[in-house]
Amino acid sequence: MAAEGEKKRILEMVQADGSDEGSVTFVMHDEDHTLGNSLRYMIMKDESVEFCGYTITHPSESKINFRIQTRDGTPAVEPLRRGLNELRDVCQHILNTFEANVTEFKQKQEQPME
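What counts and what doesn't
- Positions within a chain are numbered from 1, following the residues in the order the chain's sequence is written.
- The predicted nature of this model means local features are confined to residues of pLDDT at least 70 and side-chain atom pairs, given and counted, to a pLDDT of 80 or more, with totals for whole chains, interfaces and linings taken over all residues.
- The side-chain values count all of the structure's non-hydrogen atoms but skip hydrogen atoms and water molecules.
- Residues grouped as a nonpolar core are buried Ala, Val, Leu, Ile, Met, Phe, Trp, Tyr and Cys residues, joined through side-chain atoms within 4.5 Å.
- Residue exposure (1.4 Å probe, protein chains only): buried if accessible area is under 20% of the type maximum, exposed if over 50%, otherwise partly exposed.
- The helix and strand labels rest on DSSP assignments: H or I over at least four residues marks a helix, E over at least two residues marks a strand, and numbering proceeds from the N terminus.
- Any pair of residues with heavy atoms lying within 4.5 Å of one another is described as a contacting pair.
- UniProt positions are given in the numbering used here, feature names are shortened, and annotations may be inferred rather than shown by experiment.
- Paired strands are those between which DSSP finds at least two bridges.
- A fitted line through C-alpha atoms serves as each axis, taken over the contacting stretch for helices, and the angle formed by two N-to-C directions is quoted from 0 to 180°.
- Any Lys or Arg side-chain nitrogen located within 4 Å of an Asp or Glu carboxyl oxygen qualifies as a salt bridge.

Caption draft 1: How the structure looks around the nonpolar core. Ranked by internal contacts, the top residues of the largest apolar core, which has 16 residues, are Phe26, Met28, Leu39, Ile43, Phe66, Ile68 and Leu80. If you list the elements that add at least two residues to this core, you get strand E2 (23–29), helix H1 (33–44), strand E3 (49–55), strand E4 (63–70) and helix H2 (77–110). Among the elements that line this core, the one with the most residues is H1, at 4 residues. Each residue touching Met28, except ones within four places of it in the same chain, is listed here: Ile10, Leu11, Leu35, Leu39, Ser62, Lys63, Ile64, Phe66 and Leu80.

Below, the structure is given as structure tokens:
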């Protein structure tokens, strides 16, 4: 638990002793399947990724353990960063499209019927 005045960590990197940077488990606090499955999909599209998966340790805990293993010595944090950026871009595109369609719908509703 974070001490008073300290920010609670959102992301932790867990790496076994003696393992390389290409095999890392990231613990993401206050997250669930919504982020886990979407991010796993985005990261698995990366050709440098050999394995990517996540688990939720217990239904009462709101954290996910996110495992990434890469090929050719690529640090696991790189596909994680790319996956998060790509997921953000997709979400922004969805939001922009939704807002544009809502605006268009409202404008059509304001026009008198012929």
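Caption draft 2: The arrangement of the UniProt feature "domain: DNA-directed RNA polymerase RBP11-like dimerisation" (unreviewed entry) in the protein in detail. The UniProt entry lists residues 24–96 under the feature "domain: DNA-directed RNA polymerase RBP11-like dimerisation" (unreviewed entry), expressed in the numbering used here. Split by type, residues 24–96 is 44% helix and 29% strand. Its first and last C-alpha atoms lie 34 Å apart.

Caption draft 3: Region of the structure containing the sheet that holds E4. Reading across from one edge, E1-E2-E4-E3 is the order of the 4 strands in this open sheet, with antiparallel pairing throughout. In this open sheet, the two edge strands, each paired with only one partner strand, are strand E1 (11–14) and E3. Each adjacent strand pair in this sheet contributes to an overall mean axis angle of 20°, direction not counted. The sheet contact formed by E1 and E2 spans 4 bridges and is antiparallel. Bridge pairing links Glu12 to Val27 in E2. Those strands touched by H1 are E2, E3 and E4, and its axis lies near 175° from that of E3.

Caption draft 4: View of the pattern of salt bridges. Scanning the entire structure with this criterion turns up 4 salt bridges. For Glu78, the salt bridge identified is with Arg82, shortest N-O distance 4.0 Å. Linking Glu78 with Arg82, this pair stays in helix H2, spanning 4 residues, or about one helical turn. Given the relative accessible area of 33%, Glu78 is considered partly exposed. Measuring nitrogen to oxygen at the nearest pair gives 3.3 Å for the salt bridge that ties Lys108 to Glu104. Linking Lys108 with Glu104, this pair stays in helix H2, spanning 4 residues, or about one helical turn. Members of the salt-bridge network, linked through shared partners, are Asp46, Glu78 and Arg82.

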